Structures are given as C-alpha cells and as structure tokens.
Amino acid sequence: MLKALMSPLLVLAAAAGSLPAQAQDNDASWVTLGTRGGPLAIGERSQPANALLYEGATYLVDAGDGTVEQMAKADIPLASIHAVFLSHLHFDHTGGLPALLGLRWQTNIFSPLTIYGPPGTAETVQGIWAYMGPATRSAFGQPGVKSMPADTGITVVELSDEAELMVDDIKVQARKNTHYSFAPGSPEDQAYQSLAFRFDTPERSITYTGDTGPSKAVEELAKGTDLLVAEMMDVDRTISDVRKNAPNPNPQMLAGLEAHLRAHHLTPSDVGTMAAAANAKRLVITHFVAPAADGRDMMGYLEEIGENYTHPTVIATDLSRY
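Here goes a summary of the coordinates provided. (Residues numbered from 1 in each chain as written. Predicted model: local features only at pLDDT ≥ 70, side-chain atom pairs only at ≥ 80, totals over all residues. Heavy atoms only, no water.)

Comments concerning the overall build of the protein chain
- On a plain count of helices and strands, the protein chain comes out with eleven helices and 14 strands.
- For the protein chain, the spread of C-alpha atoms along the three principal axes comes to 70 × 50 × 40 Å.
- Looking at the protein chain as a whole, 52% of its 322 residues are labelled buried.
- Long-range contacts, defined here as pairs at least 24 residues apart, represent 70% of the contacts in the protein chain between residues at least 6 apart. (Helix = DSSP H or I, 4+ residues; strand = E, 2+ residues; numbered from the N terminus. Buried < 20%, exposed > 50% of the residue type's maximum accessible area, 1.4 Å probe, protein only. Contact = heavy atoms within 4.5 Å.)

Following this line, the structure appears as structure tokens:
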C-alpha cells in the first residue's frame, strides 16, 4: 500500500512534473532545463542544467549539452545570465558551456558573467577559449574587421569546500560532496572536487546536491531548505541496461561501475534519507537515470523515497518550474 506521500495531489504533481502552486509563484524560481544524467543522450530528456531565476536575472546551475536550446524553450534570454555555477566537471554537466559562451560572442553579449566551479574550472574555460580561437579570430570573414576577444566580460572563480559568497542579492554556499572518493587531503582530493550549492534569497532557499552519494555535508548544507533539488539513480536498472548492451562485459569493469554508481550517486532510499535528515520542505528529483522506467516505476521510486521523507516530492521533467 502506498504511503501518505502518494496523495492524489502528489500523484498529479509527479505526472505533471511540478510542485504545488505556492512553490511556483515565488519571486525566486528554479527551472529544470535538463534532467537526464549522463553519459548517454536520450530524446526525452536533455542533459543536466538548471536555471535559478531571481529579480530578472538568470543563474545557471550546471550546463550540460543542449543548455542553450532548453533556455530558448523556456524563454530565458541569454543576456539575462549573471553567473554560471558548475557542480563538477564531468562532461554531462559542462558540455553545453562552449555553445553558451560561443553564442554570447556571436550575438555581441559582453555583459559581465562569472563562472563559478570547483578546482579545474579555470583550466576547463581556458580550453574553451582555445577551442573558440579560430572562429573568433576569423570573425565573420570580413577583411580588416576586428572582433572582441572571446573572454570579454568573463570572470572565472574557483570554489572549494565551505565556500560562502554573495552573488548579487543571493547568498551562495558550497560544500564538497561524495561524488569522488579520493583519500582526504590527497593531491587528487584537492584537485578534483564535486560541489553541492545552497542559494538563499530573501524569499526562499534552494539547495542543489549536484552529483553525490550519501553525504552528511550535503545534509548540513540543506538544513531547513525550502527546496531540495537532488540527483537520483536506479542502480539495478542501470546495471541491467549495461548488461543488455554489452552481453559479455569485463567483470572487473562492471564491478567498478556498480561500485561507483552505489557510492557516488543516490538511490531513491538515499534521497529520502537525505531529505528527511535535512528537514527539507520540498523535494525535486533531477539528474534522473533509470533506463526504460515507466509511470509505475516512477510511483515505486516515490514510494521508496516516502519511506523516510513525507513532504511533497516530484520527479522533475525538462522545463518544469518550481
């Protein structure tokens, strides 16, 4: 029997991909531009990207492949972007950044834009400038016409665990999560980090887990948050899908993949435990990976989450607003 979580209102919300109206009418809203975790692309969901909309400005949170197209569908102007926050540097979270920066240059948008991210973000963006070099130097093919440098207006700021800053009127906090498991204090631990973010406006707080496994640091970051936006993965279904697509997989590779998925991502039960420990008021599931899951499966995930967490919960679809 389904628990209290599965009220008619929440069943409807799960199907429609939206929370009750009071979460949407607030001045600070969150748009799930892309809700599919990588690495494989599918037609139904774009790769991870989100937009925090506040007082006429847009703050992108991750920028997976397809971000600019999803922004166009959501009617979010490119010129409204004040900042980009990258949770980590895996390709499914950064693949749309070259297109975003290239389109800014092509459309003469040189307003200030800060790219925030973990260690390695500056190197990543430098690589994008190198990629853009031939196109920006040749401009539109007109002899003697000089173009603006590709990096005009762009600032890169690298963040680490417990970073805290003000971006316009938004208080931003970052915590290192458990998407990587390098030995604490090791060179790898310093060089490669995955971050969760909390955004506090005067009206509401929104916490984004990024890619993570179970994490006390993320639970602390999300304490009492109005909206928790969490990743989720169906590990068993994903491993089964890998087996189907590679009937004779390398056993060591498969074991390593499964260990990564279980330790570095959240199962439905993990999500419920995290949201309950944080006492989050509402929960949105994104970065959703569950190959071939149908509506019945979705209800099963919500039921599993609801074993520990009984506040409003939805599994987001692309272009939903909360």
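Quick word on the sheet that holds strand S3 (residues 57-63)
- Spatially, the seven strands line up as an open sheet ordered S6-S5-S4-S3-S2-S1-S14, and their pairing is mixed. The sheet is open, and its two borders are formed by strand S6 (154-158) and strand S14 (320-321), each paired with just one other strand.
- Examined bridge by bridge, strand S1 (residues 29-34) and strand S2 (residues 49-54) share five bridges and lie antiparallel to one another. Within the sheet, the bridge partner assigned to Trp-30 lies in S2 and is Leu-52.
- Here helix H5 (residues 121-138) sits on the sheet and contacts strand S5 (113-117) and S6; the angle it forms with S6, its principal contact strand, is near 150°. (Pairing = 2+ DSSP bridges. Axes fitted to C-alpha atoms, helices over the stretch in contact; angles between N-to-C directions.)

Points about the pairing of S6
- For S5 and S6, the ladder comprises five bridges, and the chain directions are parallel. Among the inter-strand pairings, Ile-115 is bridged to a residue of S6, identified as Val-156.
- In the classification by handedness, the crossover that spans S5, the intervening H5 and the parallel S6 is right-handed. (Right-handed = clockwise from strand over helix to strand, strands pointing away.)

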